[in-house]
Amino acid sequence: GDVYKRQAYALYNPNVGYCQGMNFMVGFLMILSGYREEEVFWVFVALTKYKTANDQIQMNGIEGFYMDGFPGLLVAMRLFKEAMAICTPEIKNRLDDVGFPDELWLLKWISTLFLYSLPMSMCISCLLYTSPSPRDQRGSRMPSSA
């Protein structure tokens, strides 16, 4: 039933298991696919891993967002902060000055690939590399669970 569906990736990859944030990705993919569960499962697997030419599984994609210690997530947060220092230094400096912890905002943004905080139409546009119309930027938000 539903419990198995939610835990399918954890059963497939017990080294990673299930982690908060996966539900946003799976829910988003379910909506995009028209709720084709098996297709969504394999797309999620592809997002988390890929095979090299010699069929060795590599830790690439977003698997590191969900692994013990969150190594990929920590790298992505560091890269985001570095980009923020270059692109919007005044915002980064202000957040640093007031002592606003990254974990309060950046962790959830990145672990859900921004699905938690951006309108659905904008997330779809990012995925498809298109620009939403101004009217669509108000779009609906992701449901809170998958």
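See the structure above.
Keep in mind it's a predicted model, so treat the numbers as computed, not measured.

A. Layout of the packing of aromatic side chains. Applying the stated criterion across every chain yields a total of 13 aromatic pairs. Summarising the aromatic geometry, the rings of Tyr-12 and Phe-41 are spaced 5.4 Å apart at their centres and angled 90° between planes, so their arrangement reads as edge-to-face. Here Tyr-12 is found in helix α1 (residues 2-12), whereas its partner Phe-41 is found in helix α3 (residues 37-48), with 29 residues between them in sequence. The positively charged end of Lys-108 is found above the aromatic ring belonging to Tyr-116, 4.2 Å away from the centroid.

B. View of unusual backbone geometry. In this model, Tyr-35 sits at a positive phi of 65°, which is unusual for a non-glycine residue. Along the polypeptide, Tyr-35 turns up in the loop between α2 (22-33) and α3. Overall, Tyr-35 belongs to the exposed group, its relative accessible area being 54%. At Phe-70, a residue that is not glycine, the phi angle is positive and equals roughly 50°. Position of Phe-70 relative to the elements: it lies in the loop between α4 (63-66) and α5 (71-87). Judged by its relative accessible area of 36%, Phe-70 falls in the partly exposed class.

C. Broad picture of the nonpolar core. Ranked by internal contacts, the top residues of the largest apolar core, which has 28 residues, are Tyr-9, Met-22, Phe-44, Phe-65, Tyr-66 and Ile-110. Elements that contribute at least two residues to this core include exactly α1, α2, α3, α4, α5, α7 (106-111) and α8 (120-128). With residues near it in sequence (within four places) discarded, Phe-65 still touches Phe-70, Gly-72, Leu-73, Ala-76, Ile-110, Ser-111 and Leu-113.

D. How the structure looks around the pattern of salt bridges. Under the criterion given, the structure shown has five salt bridges. Where Asp-96 meets Lys-81, a salt bridge forms, and the shortest distance between an N and an O atom there is 3.4 Å. Within this pair, whereas Asp-96 is found in helix α6 (residues 89-97), its partner Lys-81 is found in helix α5, the two being separated by 15 residues in sequence. Judged by relative accessible area, which is 37%, Asp-96 ranks as partly exposed. In this structure, Asp-102 engages Lys-81 in a salt bridge whose closest nitrogen and oxygen atoms are separated by 2.9 Å. Placement of the pair is Asp-102 in the loop between α6 and α7 and Lys-81 in helix α5, with a sequence separation of 21 residues. Within this structure, Lys-81, Lys-92, Asp-96 and Asp-102 form a network of salt bridges that share partners.

E. Geometry of the side chain of Lys-81. Owing to a relative accessible area of 12%, Lys-81 belongs among the buried residues under this scheme. Separated by 3.4 Å, the side chains of Lys-81 and Asp-96 make a polar contact. Among all residues touching Lys-81, those that are not within four sequence positions of it are Lys-92, Asp-96, Asp-102 and Leu-106.

F. Region of the structure containing the layout of surface pockets. For the second largest pocket, the calculated volume is near 280 Å³. Residues of the lining of the second largest pocket, tallied by class, amount to 13 nonpolar, no polar and no charged.

G. Here's a closer look at the packing of α5 against α6. Close contact between α5 and α6 brings their axes to 5 Å; oriented N to C, the two are set at 120°. Between α5 and α6, the crossing angle belongs to the class labelled oblique. Touching Lys-81, Met-84, Ala-85, Ile-86 and Cys-87 of α5 are Pro-89, Ile-91, Lys-92, Leu-95 and Asp-96, all from α6. Of the residues in the contact of α5 with α6, the class split is seven nonpolar, no polar and three charged.

Rules used in this analysis
Residues numbered from 1 in each chain as written. Predicted model: local features only at pLDDT ≥ 70, side-chain atom pairs only at ≥ 80, totals over all residues. Heavy atoms only, no water. Phe/Tyr/Trp six-rings, centres within 6.5 Å; stacked < 30°, edge-to-face > 60°. Helix = DSSP H or I, 4+ residues; strand = E, 2+ residues; numbered from the N terminus. Lys NZ or Arg CZ within 6 Å of the ring centre and 35° of its normal. Buried < 20%, exposed > 50% of the residue type's maximum accessible area, 1.4 Å probe, protein only. Core = buried A, V, L, I, M, F, W, Y, C linked by side-chain atoms within 4.5 Å. Contact = heavy atoms within 4.5 Å. Salt bridge = Lys/Arg side-chain N within 4 Å of Asp/Glu carboxyl O. Polar contact = N/O pair within 3.5 Å; in protein donor to acceptor, adjacent residues only side chain to side chain. 1 Å grid on protein atoms, 1.4 Å probe; cavity = no way out; pocket = protein on both sides within 12 Å on 5 of 7 lines; lining within 4 Å. Points joined across faces, edges and corners; volume = space filled by probe spheres on them. Nonpolar A, V, L, I, M, F, W, Y, C, P; charged D, E, K, R; others polar. Axes fitted to C-alpha atoms, helices over the stretch in contact; angles between N-to-C directions. Parallel < 35°, antiparallel > 145°, perpendicular 65-115°, else oblique.

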